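# Examining the three-dimensional arrangement
One letter stands for each residue in the lines below.
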Amino acid sequence: MSVEILSWAILDAKGNPICDYDSIDDLGEDTSAVVPVEPQENGALYAYDKVAQPQQITVTLLFSGDYAAQEAAIAKIDAALRGLEAFTVVTPTTVRSNMTLIGASSTRSSTGGANLLLVDLTFQEVRSANVGGSVAWSPKKATGASKVDGGKRQARFIRGLFS
């Protein structure tokens with residue numbers, strides 16, 4: 001059973017919009033993969049398995065001529081660009097979670113009306129890696145670890161060693 005999503009939105013972790021925008025004009029998705037290559041002896045190359053890259057999405061937001069609202073929205077976008085918060089990009093066909101804002105650019109033009117602001121936001125998927133799941137080694141007690149070698153030491157004379 002599928003759930004129909006009837007709106008477009010960019011939501012923070014609490015479900016609030018990233019800023020107060022009038023509408024979403026454009027959405028572009030970029031998905032790619034690479035094959036890592038490692039140089040070997042005598043000019044040979046070793047290619048590893050294909051690795052999927054984090055997805056990138058570019059969304060164009062539209063803002064009407066209310067300059068105070070535009071300034072407030074730009075301030076929220078700048079804060080999100082500097083912050084670490086993850087967003088969810090919702091479209092009628094997909095929901096992309098764990099997306100962080102990595103770029104923003106704005107445009108005004110006479111063709112669209114100088115009071116119309118277009119802001120392109122670029123989001124990148126954030127992936128978490130589970131490494132192993134077990135600890136290779138840890139002492140039973142915090143004080144049970146071996147002492148670290150402090151470096152060179154001054155020679156000491158031990159009495160009675162050769163007598």
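Reference entry: report on the structure contained in this document. Every value quoted in this text rests on a predicted model; they were computed, and no experiment measured them.

## Here's the deal with the sheet that holds strand 2 (residues 23–30)
- Strand order in the open sheet formed by six strands is 1-8-9-10-7-2, and the pairing between neighbours is antiparallel. The two strands at the open ends of the sheet, each matched to only one other strand, are strand 1 (9–11) and strand 2. For this sheet, the mean inter-axis angle between neighbouring strands, taken without regard to orientation, is 35°.
- One ladder, built from nine bridges, connects strand 9 (residues 95–109) with strand 10 (residues 113–125); its direction is antiparallel. Bridging from a neighbouring strand, Gly103 pairs with Thr122 of strand 10.
- Where helix 1 (residues 67–82) meets the sheet, it contacts strand 7 (56–63), strand 8 (86–90), strand 9 and strand 10, and its direction lies at approximately 135° from that of strand 9.

## With respect to the environment of Thr60
- Following the sequence through the fold, Thr60 ends up in strand 7.
- Among the residues examined, Thr60 registers a relative accessible area of 7% and is labelled buried.
- Through-space distance from the C-alpha of Thr60 to that of Val119 is 5.5 Å; in sequence the pair is 59 residues apart.

## Thoughts on the side chain of Thr60
- Side-chain polar atoms of Thr60 contact the side chain of Asp120, separated by 2.5 Å.
- Apart from the residues lying within four places of it in its own chain, the contact partners of Thr60 are Ser23, Ile24, Asp25, Asp26, Leu118, Val119 and Asp120.

## Remarks on helix 1
- Over its 16 residues, helix 1 extends 23 Å from the first C-alpha to the last, a length consistent with the 22 Å expected when each residue adds 1.5 Å.
- When helix 1 is considered as a whole, its buried residues turn out to be Gln70, Ala73, Ile77 and Ala80. The arc enclosing the buried residues of helix 1, seen along the axis, measures out at 85°, which places them on a common side. Facing away from the buried side of helix 1 by more than 90 degrees, the exposed set consists of Ala68, Glu71 and Arg82.

Calculation rules
- Residues numbered from 1 in each chain as written.
- Predicted model: local features only at pLDDT ≥ 70, side-chain atom pairs only at ≥ 80, totals over all residues.
- Heavy atoms only, no water.
- Pairing = 2+ DSSP bridges.
- Helix = DSSP H or I, 4+ residues; strand = E, 2+ residues; numbered from the N terminus.
- Axes fitted to C-alpha atoms, helices over the stretch in contact; angles between N-to-C directions.
- Contact = heavy atoms within 4.5 Å.
- Buried < 20%, exposed > 50% of the residue type's maximum accessible area, 1.4 Å probe, protein only.
- Polar contact = N/O pair within 3.5 Å; in protein donor to acceptor, adjacent residues only side chain to side chain.
- Expected span 1.5 Å × (residues − 1).
- Arc of directions from axis to C-beta.

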